[in-house]
Amino acid sequence: MRPLVMDFASDKKAIRLNDEYMFGRSLLVKPVTDPLYTYRDEHKNGHAIYPDITKAAAPVKVYLPAGADWYDFWTGEKKQGGKEVMRLAPIDIMPVYVKAGTILPMAPVMQYSNEKAWDNLEIRIYPGADADFALYEDEGDGYNYEKGEYTLIKIHWDDKNRQLSISDCEGGYKGMLKKRNFKLTVMNKSVTIEYTGKNFAIDL
């Protein structure tokens, strides 16, 4: 978790905000901390504002720092930085925006580290700038990674040519995947490729 001043020091509005943060360098998070769907009366009894809270969607103000474009994580809608936006926040969705020029791998939902094999990963690319990501993997348990038993797969997005490059798989460890599928997604358009550890490039 990073305060906005760490990434947007020249944005005078961003550095004064204390109700948003960066998760890593790419995800902007706006926690919903005020009650949107309930209130307490003078007797401190709780009440629902909407008859069916599951269908309610109250707006939340989000400031998108200048110097980058931003994508709504949930819808993929692109917004210009340096502006405030009103984002509807249903009870099950927190406003999250992704910085343009981001590679974001999406693993399967798991309750523990080795519940499912990571043989089908979605790689989301948010265009607007060049991007790099190093996919690190190890056994998921123990300390063999300290002995160099891990793998790295380097991923690069060339924004001008709209080309994604994936490197050779570097390193190794017991039980590592020899091949897997990558679902490559750009602007809600996807293509699935098989990766066998050898480098390749694809225009998207």
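Residues numbered from 1 in each chain as written. Predicted model: local features only at pLDDT ≥ 70, side-chain atom pairs only at ≥ 80, totals over all residues. Heavy atoms only, no water.

**A look at the packing of aromatic side chains**
Here is step 1 of the chain: Summed over the entire model, instances satisfying the criterion amount to 7 aromatic pairs.
Here is step 2 of the chain: Measuring from centroid to centroid gives 5.9 Å for phenylalanine 8 and tryptophan 70, while their planes differ by 55°, and the two rings are tilted. In this pair, phenylalanine 8 sits in the segment before strand 1 (21-23) while tryptophan 70 sits in strand 6 (residues 69-72), placing the two residues 62 residues apart along the sequence.
Here is step 3 of the chain: Relative accessible area serves as the criterion here: at 6%, phenylalanine 8 is assigned to the buried category.
Here is step 4 of the chain: Ring centres 4.9 Å apart and planes at 90° place the aromatic pair phenylalanine 73 and tryptophan 74 in the edge-to-face group.
Here is step 5 of the chain: Residue class for tryptophan 74 comes out partly exposed when judged on its relative accessible area of 41%.
Here is step 6 of the chain: An aromatic cluster is built from Phe182, Tyr195 and Phe200, whose rings are joined through pairwise contacts. (Phe/Tyr/Trp six-rings, centres within 6.5 Å; stacked < 30°, edge-to-face > 60°. Helix = DSSP H or I, 4+ residues; strand = E, 2+ residues; numbered from the N terminus. Buried < 20%, exposed > 50% of the residue type's maximum accessible area, 1.4 Å probe, protein only.)

**Thoughts on unusual backbone geometry**
Here is step 1 of the chain: Although it is not a glycine, lysine 44 adopts a positive phi angle of roughly 65°.
Here is step 2 of the chain: Tracing the backbone through its elements, the reader meets lysine 44 in the loop between strand 3 (38-40) and strand 4 (46-48).
Here is step 3 of the chain: Its identity as a non-glycine residue notwithstanding, arginine 162 has a phi of 50°, on the positive side.
Here is step 4 of the chain: Tracing the backbone through its elements, the reader meets arginine 162 in the loop between strand 13 (151-158) and strand 14 (163-166).

**What to know about the nonpolar core**
Here is step 1 of the chain: Core analysis: the largest hydrophobic core is formed by 17 residues, its most contacted members being Ile103, Ile123, Ile155, Leu164, Ile166, Phe182 and Leu184.
Here is step 2 of the chain: Going through the elements one at a time, strand 11 (120-126), strand 12 (131-137), strand 13, strand 14, strand 16 (180-186) and strand 17 (189-195) are the ones with two or more residues in this core.
Here is step 3 of the chain: Non-local contacts of isoleucine 155, meaning those with residues more than four positions away in its chain, are made with Ile103, Ile123, Ala131, Asp132, Phe133, Leu164, Ser165 and Ile166.
Here is step 4 of the chain: Grouped together as the second largest cluster of nonpolar side chains are 14 residues, Phe8, Met22, Leu28 and Tyr97 included. (Core = buried A, V, L, I, M, F, W, Y, C linked by side-chain atoms within 4.5 Å. Contact = heavy atoms within 4.5 Å.)

**A short note on the environment of glycine 24**
Here is step 1 of the chain: By secondary structure assignment, the location of glycine 24 is in the loop between strand 1 and strand 2 (27-29).
Here is step 2 of the chain: Residue classification places glycine 24 among the partly exposed residues on the basis of a relative accessible area of 35%.
Here is step 3 of the chain: Residues glycine 24 and lysine 116 lie 92 residues apart in sequence; the distance between their C-alpha atoms is 25 Å.

**Focus on the pairing of strand 9 (residues 96-99)**
Where a strand is regular, its side chains alternate between the two sheet faces.
Here is step 1 of the chain: Inspection of the sheet shows strand 2 paired to strand 9 by 3 bridges, in the antiparallel sense. Counted as the bridge partner of leucine 28 is tyrosine 97 from strand 9.
Here is step 2 of the chain: In this sheet, strand 9 lies alongside strand 6 in antiparallel orientation, the contact comprising 3 bridges. Considered in strand 9, the bridge of tyrosine 71 is made with valine 98. (Pairing = 2+ DSSP bridges.)

**Looking at a nonpolar patch on the surface**
Here is step 1 of the chain: There is a patch of nonpolar side chains on the surface, built from Tyr136, Tyr143, Tyr145 and Tyr150 and spanning about 420 Å² of accessible area.
Here is step 2 of the chain: By the element assignment, tyrosine 150 lies in the loop between strand 12 and strand 13.
Here is step 3 of the chain: Given a relative accessible area of 30%, tyrosine 150 falls into the partly exposed group. (Patch = residues over 30% accessible without salt bridge, like charges linked within 9 Å, V, L, I, M, F, W, Y side chains within 5 Å. Areas by Shrake-Rupley, 256 points an atom, 1.4 Å probe, with all protein chains shown as cover. Salt bridge = Lys/Arg side-chain N within 4 Å of Asp/Glu carboxyl O.)

**Quick look at the sheet that holds strand 11**
Here is step 1 of the chain: Strands sit in the order 10-11-16-17 across an open sheet of 4 strands; the sheet is mixed. The outermost strands of the open sheet, each flanked by one partner alone, are strand 10 (102-106) and strand 17. Strand-to-strand twist in this sheet, taken as the mean axis angle between neighbours without regard to direction, amounts to 25°.
Here is step 2 of the chain: Bridge count between strand 10 and strand 11: 5 bridges; the pairing is antiparallel. Looking across to strand 11, one finds that proline 105 is bridged to isoleucine 123. (Axes fitted to C-alpha atoms, helices over the stretch in contact; angles between N-to-C directions.)

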